[in-house]
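Topology and contacts: notes
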Amino acid sequence: MKVAVLYGGISNEREVSINSGKGIMNALKKKGHEVIGIDFHPARLEEVIQLKNQDVDIVFIGLHGRFGEDGRVQSLLDMLGLKYVGSNVLASALAMDKQRAKVFFKKAGIRVAKDCLVTKKTFDAEAFDVPFSFPIVVKPNHEGSTIGLTIAGDEETLLNGIEKAFEHDEEVLLEEFIKGRELTVAVMGEYKKEMTLPIIEIISKNQLYDYEAKYAPGMSEHIVPAPIDEELSKKIKQQAILAHQALGCEVYSRVDFLLQDNGEFVILEVNTLPGMTATSLFPDAAKVIGLSYEAMIEQFLLLSLKK
């Protein structure tokens, strides 16, 4: 097939997206596909629009963060009548909106952390009442890769964290801090026929599983499968598929959880375009079941053509 790959973009995750794009393009070439690579930028939309006249069979979106993972690129491709890999406009936008996604998770019976949303236009630091006990997690509502995140142990740190997060987003999400093990579940398959890959436990060498820990080689350890009992593993996998379906995700996603010492777990978020770099989680999970990176990318293509 002739496949266009969009990578790069203008979000804070640009460098990660470039690496994801390189991996995706190399995998497609190894599978014999003709590949057109586009370093995407909203100011150069004509590069994407021209794909309509180049007999492209499908577009593989290797973008992360805003203007890629949030439904805007998917909307453009829909208007152009171009098929693309992954979730549709609404599912992409919902998953990128952490607070609103939690409404759907809660309705589906998935446990979520207590939260409070504050907006830049209306936020008044002097009149603000702390919504729950410290520590509190502060993060931009529409960012990924823990960009702009603060763990606040007191009111001063909380207010500073909110201001820091406002540098990245007009909305900031405050959540109760839940101590637990970081788990992630890769989900893939046709709608209502999804399967999960082995659960990964992430052990960060930093205090938080932050940007450096996610993408710098050697800064985190991925234990696959996660050392948890079979019954609990089954429950978490079921909830991952439920979260994927609750947002209307398609083809593939990665669902993040926190597992507490008492066996309870809460969902963090769903990633509709998870990283596809050499240190990324989804490829690690696929490898454990004998699915090579190239075969995994090929599966995403084939599943997307069935949408």
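So, a few notes on the structure that sits alongside this text. (Residues numbered from 1 in each chain as written. Predicted model: local features only at pLDDT ≥ 70, side-chain atom pairs only at ≥ 80, totals over all residues. Heavy atoms only, no water.)

Along its length, the chain carries 10 helices and 13 strands. Its C-alpha atoms give the chain a radius of gyration of 19 Å, near enough to 19 Å, the size a compact globule of 307 residues would have. Taking the principal axes of its C-alpha atoms as reference, the chain extends roughly 55 × 45 × 35 Å. Of all 307 residues assigned to the chain, the portion counted as buried reaches 55%. Once local pairs closer than 6 in sequence are excluded, the contacts in the chain between residues at least 24 apart make up 67%. In the structure as shown, the chain presents an accessible area of about 13800 Å², 50% of it carried by carbon and sulfur atoms. A gap of 6 Å separates the mean positions of the 35 positive and 45 negative side-chain charges of the chain. (Helix = DSSP H or I, 4+ residues; strand = E, 2+ residues; numbered from the N terminus. Rg over C-alpha atoms; globule rule 2.2 N^0.38 Å. Buried < 20%, exposed > 50% of the residue type's maximum accessible area, 1.4 Å probe, protein only. Contact = heavy atoms within 4.5 Å. Areas by Shrake-Rupley, 256 points an atom, 1.4 Å probe, with all protein chains shown as cover. Lys, Arg positive; Asp, Glu negative; His and termini not counted. Charge placed at Lys NZ, Arg CZ, Asp CG, Glu CD.)

Those residues of helix α4 (residues 89-96) lying buried are Ala-91, Ser-92, Leu-94, Ala-95 and Met-96. Buried residues along α4 sit against α3 (72-80), α5 (98-107) and β13 (265-271). The backbone nitrogen of Leu-90 has a side-chain oxygen 3.3 Å away, supplied by the residue at the start of α4, namely Asn-88. (Polar contact = N/O pair within 3.5 Å; in protein donor to acceptor, adjacent residues only side chain to side chain.)

Moving on to the pattern of salt bridges. Overall, the coordinates contain 18 salt bridges when judged by the stated rule. Between Asp-169 and Arg-66 there is a salt bridge, and its shortest N-O distance comes to 3.1 Å. Separated by 103 residues along the polypeptide, Asp-169 in the loop between α6 (155-166) and β7 (171-176) and Arg-66 in the loop between β3 (58-61) and α3 bring together distant segments of the chain. For Arg-66, a relative accessible area of 24% translates into the label partly exposed. Lys-102 is the salt-bridge partner of Asp-115, the closest N and O atoms lying 3.1 Å from each other. Of the two residues, Asp-115 sits in strand β4 (residues 115-119) while Lys-102 sits in helix α5, which places them 13 residues apart along the sequence. Overall, the relative accessible area of 27% leaves Asp-115 in the partly exposed class. (Salt bridge = Lys/Arg side-chain N within 4 Å of Asp/Glu carboxyl O.)

Let us now look at the packing of aromatic side chains. How two aromatic rings sit relative to each other is given by the distance of their centres and the angle of their planes. Considering all chains together, one arrives at six aromatic pairs under this definition. Both rings, one in Tyr-252 and one in Phe-300, keep their centres 4.0 Å apart while their planes meet at 15°; by these two values the pair is stacked. Of this pair, Tyr-252 sits in strand β12 (residues 251-259) while Phe-300 sits in helix α10 (residues 293-305); the two residues are 48 residues apart in sequence, bridging distant segments of the chain. Here the aromatic rings of Phe-257 and Phe-265 are separated by 5.7 Å at their centres, their planes lie at 85°, and the arrangement is edge-to-face. Look at Phe-257 and you get buried, because its relative accessible area is 0%. Owing to a relative accessible area of 13%, Phe-265 belongs among the buried residues under this scheme. Here the aromatic cluster, defined as three or more aromatic residues joined through ring pairs, consists of Phe-123, Phe-128 and Phe-166. One cation-aromatic arrangement involves Arg-72 over Phe-67; the distance from NZ or CZ to the ring centre is 4.1 Å. Sitting over the ring of Tyr-84, Lys-307 keeps its end group 4.4 Å from the ring centre. (Phe/Tyr/Trp six-rings, centres within 6.5 Å; stacked < 30°, edge-to-face > 60°. Lys NZ or Arg CZ within 6 Å of the ring centre and 35° of its normal.)

Attention shifts here to the nonpolar core. Nonpolar side chains in soluble globular proteins tend to be buried together. By size, the foremost hydrophobic cluster in this structure holds 50 residues, and its most contacted members are Val-59, Phe-60, Tyr-252, Ile-297 and Phe-300. In this view, Phe-300 contacts Phe-60, Val-85, Met-188, Val-251, Tyr-252, Met-276 and Phe-282; residues no more than four positions away in its chain are not counted. Within the second largest apolar cluster, 26 residues are counted, among which are Val-112, Ala-240, Ile-241 and Ala-243. (Core = buried A, V, L, I, M, F, W, Y, C linked by side-chain atoms within 4.5 Å.)

Think of two packed helices as two axes; the pair is described by the angle between the axes and how far apart they sit. At a minimum axis distance of 9 Å, the contact between helix α9 (residues 281-288) and α10 shows a crossing angle of 105°. Overall, the two elements α9 and α10 adopt an arrangement that is roughly perpendicular. Seen from α9, the contacting residues are Phe-282, Pro-283 and Ala-286; seen from α10, they are Tyr-293, Met-296 and Phe-300. Taken together, the residues of the contact of α9 with α10 break down into six nonpolar, no polar and no charged. (Axes fitted to C-alpha atoms, helices over the stretch in contact; angles between N-to-C directions. Parallel < 35°, antiparallel > 145°, perpendicular 65-115°, else oblique. Nonpolar A, V, L, I, M, F, W, Y, C, P; charged D, E, K, R; others polar.)

Here Leu-159 shows up in helix α6. Placed 43 residues apart in sequence, Leu-159 and Cys-116 show a C-alpha to C-alpha distance of 14 Å.

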